[in-house]
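Coordinate inspection notes
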Amino acid sequence: VVPVEIAKPRVAIISKGITSVDDARQIVETANVIVALPNSLEASERDAIAYLVDACSDLIVDEAHHVTATTWHRVREQFQKKRILQFTATPFRRDAKSIDGKIIFNYKLGDAQAAGYYRTINLRTVEEYGERNARDRAIAIEALTALRKDRDSLHLDHLLMARTCERDRAEEVAKIYQELAPEYKPVVVYSGTGRAHANKDALSSILDRGPDGARIVICVDMLGEGFDLPNLKVAALHDNHKSLAITLQFIGRF
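Below, the structure is looked at part by part. Quantities reported herein were computed from a predicted structural model and do not represent experimental measurements.

Cut-offs and rules
- Residues numbered from 1 in each chain as written.
- Predicted model: local features only at pLDDT ≥ 70, side-chain atom pairs only at ≥ 80, totals over all residues.
- Heavy atoms only, no water.
- Helix = DSSP H or I, 4+ residues; strand = E, 2+ residues; numbered from the N terminus.
- Contact = heavy atoms within 4.5 Å.
- Areas by Shrake-Rupley, 256 points an atom, 1.4 Å probe, with all protein chains shown as cover.
- Lys, Arg positive; Asp, Glu negative; His and termini not counted.
- Charge placed at Lys NZ, Arg CZ, Asp CG, Glu CD.
- Core = buried A, V, L, I, M, F, W, Y, C linked by side-chain atoms within 4.5 Å.
- Buried < 20%, exposed > 50% of the residue type's maximum accessible area, 1.4 Å probe, protein only.
- Salt bridge = Lys/Arg side-chain N within 4 Å of Asp/Glu carboxyl O.
- Polar contact = N/O pair within 3.5 Å; in protein donor to acceptor, adjacent residues only side chain to side chain.

Let's talk about the overall build of the chain
- Tallying secondary structure elements over the chain gives nine helices and eight strands in all.
- When its C-alpha atoms are laid out on the principal axes, the chain stretches across 60 × 45 × 40 Å.
- In the chain, once contacts between residues fewer than 6 apart in sequence are set aside, the share between residues at least 24 apart is 64%.
- Carbon and sulfur atoms provide 53% of the accessible area of the chain, an area that totals close to 17100 Å².
- Side chains of the chain give 35 positive and 36 negative charges; the mean places of these two sets differ by 2 Å.

The structure is reproduced here in structure tokens:
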């Protein structure tokens, strides 16, 4: 599919809005592939985006089940005269909106099962009917038991993610993990004003995993869709997701 002569393309990442055509021209002249979030393109000057669109031969849309959303749809509409290729692992939306286009490749669930991509999930249920702190502690103890077995007994470089629904809950849960497993250096990741630097440090600690790196991350709906870290193998659900579909996708990452 990909010829060897483009094995090492020059890649540009647009992380914030482009303010001028000159900036767009510089990107086009120095890159073969441009990667951007819809929000970054939406925040750019129209003339700058028009220049990018004109210079590109193809639009590749990842997580294409979002393409019916207003921002995503506006971006794609500008590429109507170009070749558009859309990828998604979840083509059916809960709001019943259809994802348009011709299906040219469909990897069936049965094929994935036959190929061994689906592995056994070891579910551990925790029954604790006391106050919330007692429930969190019971979940943390069970999750840490699994993590220690993987790391100490099986010598696997596995990581643990604890999921909460709110920032305050994340901080509460982090204190429990810090008390129970300080050697794993728990870190907290969630969105919000002033969190960029702290989140960056936390992610670096998880990704680098040196002698002083973190082995536990407490998250509030982050490091989910689109984030790939195979070492995340133990999940502790301190709070439920809003839907079964999101829960299943979350579990699938582990």
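So, the nonpolar core
- Counting 22 residues, the largest nonpolar core has L144, L147, L160, A162, Y177, I216 and I218 as the members making the most contacts within it.
- Breaking this core down by element, the ones donating at least two residues are α6 (132–153), β5 (159–164), α7 (167–180), β7 (216–220) and β8 (232–237).
- Setting aside anything within four residues of it in sequence, one finds L144 in contact with L160, Y177, L180, A181, Y184 and I216.

A few points about the pattern of salt bridges
- A complete count under the given rule lists 12 salt bridges for this structure.
- Where E179 meets R137, a salt bridge forms, and the shortest distance between an N and an O atom there is 2.9 Å. Of this pair, E179 sits in helix α7 while R137 sits in helix α6, and the two are 42 residues apart along the sequence.
- Of the charged contacts, one joins R169 and E172 as a salt bridge, the two residues approaching to 3.5 Å between their closest N and O atoms. One end of the pair, R169, and the other, E172, are both in helix α7, three residues apart, so they sit about a helical turn from each other.
- Each of the salt bridges in this network shares a partner with another, and the network as a whole consists of R132, D136, R169, E172 and D239.

Observations concerning the side chain of D150
- Relative to the helices and strands, D150 resides in helix α6.
- Buried and without a salt bridge, D150 has K149 as its closest oppositely charged side chain, separated by 6.2 Å.
- A polar contact of 2.9 Å, which involves the side chain of D150, links it to the side chain of H158.
- If we ignore the near neighbours within four places in the chain, the residues touching D150 are H155, L156, H158 and V234.

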